[in-house]
Amino acid sequence: MARPSAVPPVVARALRPAHPKCYRHCERETLPHTVRTALPGELRVFACPGGVVSVASYTEWSDRDPQSRLLRELRRRALPPSLVRRWDLRAASRHGPELGRTAERFLERARPVRPIRVVYWRVYPFEVRKIQHRLFACFRHGTGSAVFYAAPFDAAPGECPRCRTGSSRLRRR
Amino acid sequence: MLANWCPHCVPLSDRNVRTLARRLRVPVQRLDIDRPAQLKVADRLVRSHGDRSPDYLIPQVFLEWSDGKVDHLFTGFSEEVARTRRAWHDFLTSDWLRRIEHGSG
């Protein structure tokens, strides 16, 4: 068994969605934010300009299922960690033929033969005290970093609990 | 396996699976996860050969060979329906399918 590794650029290009739109929020185009993790693959968070996360996808070239490892990584970045639930992670294997000729031929030649593992994290809108909430991400905590939190549907980006904690500390000085 | 309410499944994957089956000259077994008996079969198939998750992705497509071997072929792209559509196009024009069609897979 080969060690899990990052997805080669030629395959990563083939995996990219064309024009992902914000899911059940604003219909604006989402931007991919790459988040640094301790895992060998790549975690990309697709969020609209308002900070609402449509989906996060983790890709790895591996024989192993990365779901449990990703769960731990996401929980480290979520406030509260219980926001990341096992059943919101969904796995998909990509074998090559569905990725276009260039990626297919690349994967076919590669040894050992192993699929690309993709794990999607999608949190559907949910209600807290009859108010619809969404998953948000704040990317203002350093390059490659993200904080995930839940907030009402129309919340401003400043709702991030880590940003709020930071500003209240400043006020106490 | 699919669900009638899923836009990645019906009509998109349903239609493409029929095209695939026609080209491979094999029958299609359609497993609707909203029908308990079919869900049971689908769960078993996903557990043993598919992309397992507590709430797994649909559609998932499998190919059963004459010797009983089962291969997972395709899982829908969660990003957007357009991405699943592109993946089906790539799949149906793939080297792999051409080889299997001509019996050299």
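Below is a short write-up of the structure. (Residues numbered from 1 in each chain as written. Chains lettered and ligands numbered in written order. Predicted model: local features only at pLDDT ≥ 70, side-chain atom pairs only at ≥ 80, totals over all residues.)

Moving on, we come to unusual backbone geometry. Glycine aside, negative phi is the norm for most residues, and most peptide bonds take the trans geometry. A cis amide bond links leucine 79 of chain A with the next residue in sequence, proline 80 of chain A, at an omega value of 0°. Within the fold, proline 80 of chain A resides in the loop between strand S4 (78-79) and strand S5 (89-94). The omega angle of the peptide bond from valine 10 of chain B to proline 11 of chain B is 5°, so this bond is cis rather than trans. With a phi angle near 65°, glutamate 27 of chain A is a residue other than glycine that sits in the positive phi range. (Helix = DSSP H or I, 4+ residues; strand = E, 2+ residues; numbered from the N terminus.)

Another point: the sheet that holds strand S3 (residues 53-61) of chain A. Residue and element names in this part refer to chain A. Taken in spatial order, the five strands line up as S1-S2-S3-S6-S5 in an open sheet, and their pairing is antiparallel. Each edge of the open sheet is held by one strand with a lone partner, namely strand S1 (31-35) and S5. In this sheet, adjacent strand axes meet at a mean angle of 25° when their direction is disregarded. Pairing of strand S2 (residues 42-47) with S3, which is carried by six bridges, proceeds in the antiparallel orientation. Bridging from a neighbouring strand, phenylalanine 46 pairs with valine 55 of S3. The strands touched by helix H2 (residues 67-77) within the sheet are S3, S5 and strand S6 (116-121), with S5 carrying the most contacts at an inclination of about 135°. (Pairing = 2+ DSSP bridges. Axes fitted to C-alpha atoms, helices over the stretch in contact; angles between N-to-C directions. Contact = placed C-beta atoms within 7 Å.)

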